Amino acid sequence: MKSKYENMKIIYNRSKIGWYWAPLFAAFWFLLFYLVVVPSFHRMPKLKTQEDELKQPGQFIGERAENTLLRLSKIGPKVVGSAANEQVAVQFLLSEITEIINEARLDLYDIEKDVQIASGNYLLWSMVNVYQSVQNVVVKLSPKNVTSEASLLVNSHFDSVPGSSGAGDSGMMCVIMLEVLRVITKYETPLTYSVVFLFNGAEENPLQGSHAFITQHPWAQNVKAVINLDSAGSGGREILFQSGPDHPWLIKYYGKNIVHAFATTVGEELFQNGFVPSETDYRVFRDFGKIPGLDMAQTLNGYVYHTKYDRFNILPRRTYQLTGENILALVKALANAHELEDPSKHSEGHMIFFDVMGWFFVYYTETVGEIINIFVCVLVCATIVAYIWSMSSTTGMFRRRIWAKFGILAALQVCGVGLGFGLVMCIALFLDAVGLSMSWFSQTWMLFGLYFCPMFFGLGILPAIYFSRTKEHGLPLAYGIQLLMHSHCLILTVITAVMITYNVRSAFIIMLCIGFYTISVLFNMATCVHKTNFLWLIPHCLCQILPFMFYTYSCYAFYVVFIPMQGRDCDSNPDMLMASFTALLCILFAPFLIPLFCLFRKSKTIISLFGICTLLFMIFAATPVGFPYVEKTAAQRFFAVHTSRTFHNDDPQSSINRTDSGFFVQPVDRRPTSVNEALFTNTNYTKAENLDCDSEIMCGFPIYSSRWLNAVPNSFWVPGPEPNTDYIPTVTIIEKSSNSPTNIQYTLEISGPDHCSIFIQPLNNSKLVDWSFTKEPLEQNIKPPYYVYWSYALDPTPLQFTMEFEHESEDWSGSTFKIAVMGHRTHDDMFVEEDFREFLATFPAWAHITSWIGSYNSWQL
C-alpha cells in the first residue's frame, strides 16, 4: 500500500507527453471526420431497377423515376406563360398520369385527375402577388368505399425559373410523386384516407399555384395535412426543415416511418426565424389553408440552384431511390394516420428532433426535452461540486482555494472564448472590408484556416500560457486542465438554462455536449483515474467521439446547405454568417479537446501553429487560390436585362419626356465588382444608384421580383441599342371619378408581357386608401411605393384595377400618384438582339447570367 506522500507525489507529477504525439492526436480527429462523418452524410441506397420490381413488387423503383425525369427535363425551361410550361409540361404530366391509371387496381381505388386554371391575388412579403390563368395538374387517389372526406396533400412544382430546365428544382420531386402514385395504385396498398397529388404549375412566380389550389380548388377544403417537396439544389438527401406548426404527431409518424432520416429542430428554428433566404409552398398552405405539414427539400449542390446548370446529368442517381423510399413510406403512413381525421385535436405542443449522422432518428416532445435538459443541468452542477469536494480530499487543499482556482480558470476560459470569437469576427469584417469575402465559396477547406484555426488558437493559447507560468505552485496539471474543462461545461450549462427559460428547443444541442462530458467525469471519478496524469484521458476522449462526430456532421450539413446560398444574397456579410456559425459550433466540442494540447511538451508552440495557419489562409484569400468562383461548379450569379426605358409626362396619351436603352446588370452576391475589369473596360457604364434614383421609382430599372429591391445599389447600367419593343406594357386610364372633394378614383388597364412589375407611389400628400387588390398592404401600412407583381399563363387579358386616393385638402393640383410598369419577356429567346448576345459573351466563364428583355415605363397622373 502506497503512503500518503507517494500519493501526493503522483498527484503533483507534472510530466508531459512528447510533442511528437500531438500531430497524431490531431490526425485522429481529422481522420474521424473524413472517414466517418463525411461518408455518413453522403450515404445513399443503391438505385433499384425495374428488374428489382419483379423480385419485390410494391417497392419504389428509382430507375423508372430517373427515366421519367430525363423526358421531362428535355422540355427545357418551363417558365410560367411559356408554351413549354402551359402546354408541353401539362400534357406530359397528363400522359404519365393516364398511363398510371391504366395500370392501376381500379377495383381498389378511385382515381380522378383535373387541370385547374385559376386567377387571384394575395400579399406575399410586401408584394401583392397577382396571378391570372395559372395551371395546376391535380390527381386525387381515394380507396374504394372510403368513409371519410379527409385527405393528405402531396405537393411539388414543375415550372422553372428562366433559363433553367428545373431538373433538380423541382422536376425530380414531380417524378418521385408520379412513381409513388404508380406504386400505391398498382399494388394493394391499404389506405384509410384519400391522397391528393398536386403538380404545381406556378411556384417560381412565386408561390402562385399553391395559393390557387388551397384557396380555390374544391378538393382543398378536405385537405388536413401536406407533404411539401421542393429543392434548393440538385439532389442529395432531402432535409425536413419545417414541421407542424404545433402538430407533434407529424414528427412521430416521420420518425417511425422514415427510411433515411435527415432532420433537425435547429434547421427548423433557423428557417422560421428568417436565416434561410427562401420560401416554399408550405408557407401558403400554412397561412391560407391553415393546414399542418412537413416541408422537405433537397439541398446538395446548391451552386446550380436556379441556373442553367440545374441539369439531369448532374443529379446523383441514388437520390431517386433515397427520396422515393422516404416519400412512399411517409405517404403510406400519413394516409392511414387516425390524426388526419381531425388534426386540430392533436395540435398542441412541439417536438424536438434530430438525426444522428443519418444512422437513426431521435424525437421527443418539448416537455420531455425540458425535463431532460433540466436534469442534465442539475447533474452537471452536482458533478462539478462533487469533483471539487473529491479534489480537496485528495490534494489536501482547502476547498475555498480550489474554488478560487476554479474561478480563475473559468475567467480564463471566458477570455479564451471571447478571444476566439473576437478573432473570427475581426477576420470576417476585415475580409469583407477589403473585398475578399467568400474566399471559401468554392474552396470550402478555406474555412478551416480562416475560422476554425483562430477559434482553436483563442481557446488554447491563454490556458497554455497560464499553465506554463504555474509550474511550481497551484494545482497539478491534469487537475488544472480538468477544472478548465469543468468551467466551460458550467458556462454551457448556464447558456442551456437561459435557452430553457426562453423555450428555445435547440437547447438540446448544448445539452448533448455537456451530458456526454459529464458522463466521462462521473466515470473517471468512479474509477479514480481522474487523479492520474494521463489515464483519465481515455474515458474522456472516448466520450468525446460521438459528440465530435455529431457536431462536425451538423457543421458539414450547415456548410452544404448554406455556403451555396451565400451566392444569392448581397444584403449581409456572408463571412459573418460562416464565422459566427463556425465559432458557435467550435465552443461545443473544441474546449473539450484543445486544452488537451497543454499536456504535450511545447504546448504553446503547438497551439501557436493554429495562429500561423490563420495568417497563411488570410494570405491565400488574397491570391487566386481564394477566388470564389469556378465555371459551372460554383458560378457567380448575375441578372442582365436588355432594357428600354421611357419616362412619360403627366398623361399616358401625352408626349414622352425622355427615353433611353441599355443593359441593366444586377450582381446577386457580395462581390459585385468582380467583373468590372472584364466587363466594363472601354464602356461608359454607370452605377445604377447614381442614375435616376432621386427621381424615379426603383431608380428607373426593371425590377423583376421583390428580392431585387435591396440589390439595386450594386447594379450597373450600360447604355446600348434599343431592344425589341413589341412587348412594352401600356397603361390606359379607363375612368377617373370623384365621390367627394377629398377623394378621387382611377380605373386603369395595363397590358403587356406575361410577367410585369407595377409600382405605385402616391404624391403631393395623397394617400392610397382603397384598391381592387387585397387590402392587406393598406391595412398594414406598408411603406410606399406599393408593389404589384402580375403574371398570366393562358389568358393575356389586360389587367384592370381601381384605386382610390384621399387628400387632406380639396386642392388636387399637381400629380396624384406616380406609376412605373416594368415588362419582362423571360422566355422566347428568338426576340433577343445580337447586340445583347455580344454583351453577354463578354462576361467571364465563371459568371452565370440569367438574361431576358425588359422595359421600364413611368407616368405621373
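Each chain has its residues counted from 1, running along the sequence as written. Selection of residues for local features in this predicted model requires a pLDDT of at least 70, selection of side-chain atom pairs for listing and counting requires 80 or more, and totals for whole chains, interfaces and linings are taken over all residues. No hydrogens and no water enter the side-chain calculation; it runs on all heavy atoms of the structure.

Caption draft 1: The overall build of the protein chain, seen in detail. The secondary structure listing takes helices from DSSP runs of H or I that are at least 4 residues long and strands from runs of E that are at least 2 residues long, numbered from the N terminus. Scanning the protein chain from N- to C-terminus turns up 22 helices and 21 strands. The globule rule is 2.2 Å times the number of residues to the power 0.38, and the radius of gyration it is compared with is taken over C-alpha atoms. Relative to the 2.2 N^0.38 estimate, which gives 29 Å for 861 residues, the radius of gyration of the protein chain is 31 Å and therefore close to what a compact globule would have. Remark: exposure states derive from per-residue accessible area (1.4 Å probe, protein chains only) relative to the maximum for the residue type, with buried under 20%, exposed over 50%, and partly exposed in between. Every one of the 861 residues in the protein chain was classed for burial, and the buried ones make up 60%. Restricting the contact set of the protein chain to residue pairs at least 6 apart, pairs at least 24 apart contribute 82%. Surface accessibility follows the Shrake-Rupley procedure with a 1.4 Å probe radius. Residue values consider only the protein chains on display as shielding. Carbon together with sulfur atoms contributes 57% to the accessible area of the protein chain, which is approximately 33,400 Å² in total. None of His or the chain ends enter the tally, which takes Lys and Arg as positive and Asp and Glu as negative. Charged side chains are reduced to one point each, which is NZ for Lys, CZ for Arg, CG for Asp and CD for Glu. Between the averaged position of the 59 positive side-chain charges in the protein chain and that of its 74 negative side-chain charges there is a distance of 18 Å. Residues count as neighbours in contact if any of their non-hydrogen atoms are within 4.5 Å of one another.

Caption draft 2: Just the state of the cysteines, in detail. We call a pair of cysteine sulfur atoms a disulfide whenever their separation is within 2.5 Å. Summed over all chains, the structure comprises one disulfide. The disulfide partner of Cys-693 is Cys-699, and the S-S distance across this bridge is 1.8 Å. The chirality of the disulfide connecting Cys-693 with Cys-699 is right-handed, given an S-S dihedral of about 100°. Of the residues examined, Cys-693 reaches a relative accessible area of 27% and is grouped as partly exposed. Residue class for Cys-699 comes out buried when judged on its relative accessible area of 10%. Take Cys-555: it sits in no disulfide, and the sulfur closest to it among the cysteines is that of Cys-586, at 7.1 Å. In this model Cys-598 remains outside any disulfide bridge; the closest cysteine sulfur is found in Cys-541, 14 Å from its own. A relative accessible area of 2% places Cys-598 in the buried class.

Caption draft 3: Geometry of the side chain of Asn-573. Within the fold, Asn-573 resides in the loop between helix H17 (537–565) and helix H18 (574–589). On the basis of relative accessible area, Asn-573 is assigned to the buried category, the value being 11%. Polar contacts involving the side chain of Asn-573 include one to the main-chain amide nitrogen of Asp-575, which spans 2.9 Å. Apart from residues no more than four positions distant in its own chain, Asn-573 is found in contact with Ala-428, Leu-429, Asp-432 and Arg-670. Identification of polar contacts relies on pairs of N or O atoms within 3.5 Å, with a donor-acceptor requirement for protein atoms, meaning one able to donate a hydrogen and the other able to accept it, and with residues adjacent in sequence counted only if both atoms are side-chain atoms.

Caption draft 4: The arrangement of the pairing of strand E11 (residues 656–667) in detail. Here strand E10 (residues 636–648) pairs with E11 via 11 bridges, running antiparallel. Bridge pairing in E11 places Ala-640 opposite Val-665. Two strands are counted as paired when DSSP detects at least two bridges linking them. Taken together, the four bridges between E11 and strand E13 (residues 716–719) define a ladder with antiparallel strand orientation. The residue bridging Phe-663 from the neighbouring strand is Val-718, located in E13.

Caption draft 5: Focus on the pattern of salt bridges. The term salt bridge refers to a pairing of a side-chain nitrogen on Lys or Arg with a carboxyl oxygen on Asp or Glu at a separation within 4 Å. Scanning the entire structure with this criterion turns up 23 salt bridges. One salt bridge connects Glu-179 with Arg-64, and the closest N-O pair in it is separated by 3.3 Å. Within this pair, whereas Glu-179 is found in helix H6 (residues 167–186), its partner Arg-64 is found in helix H4 (residues 62–73), the two being separated by 115 residues in sequence. When the shortest N-O distance is used, the salt bridge between Asp-770 and Lys-775 registers 3.7 Å. Residue class for Asp-770 comes out partly exposed when judged on its relative accessible area of 29%.

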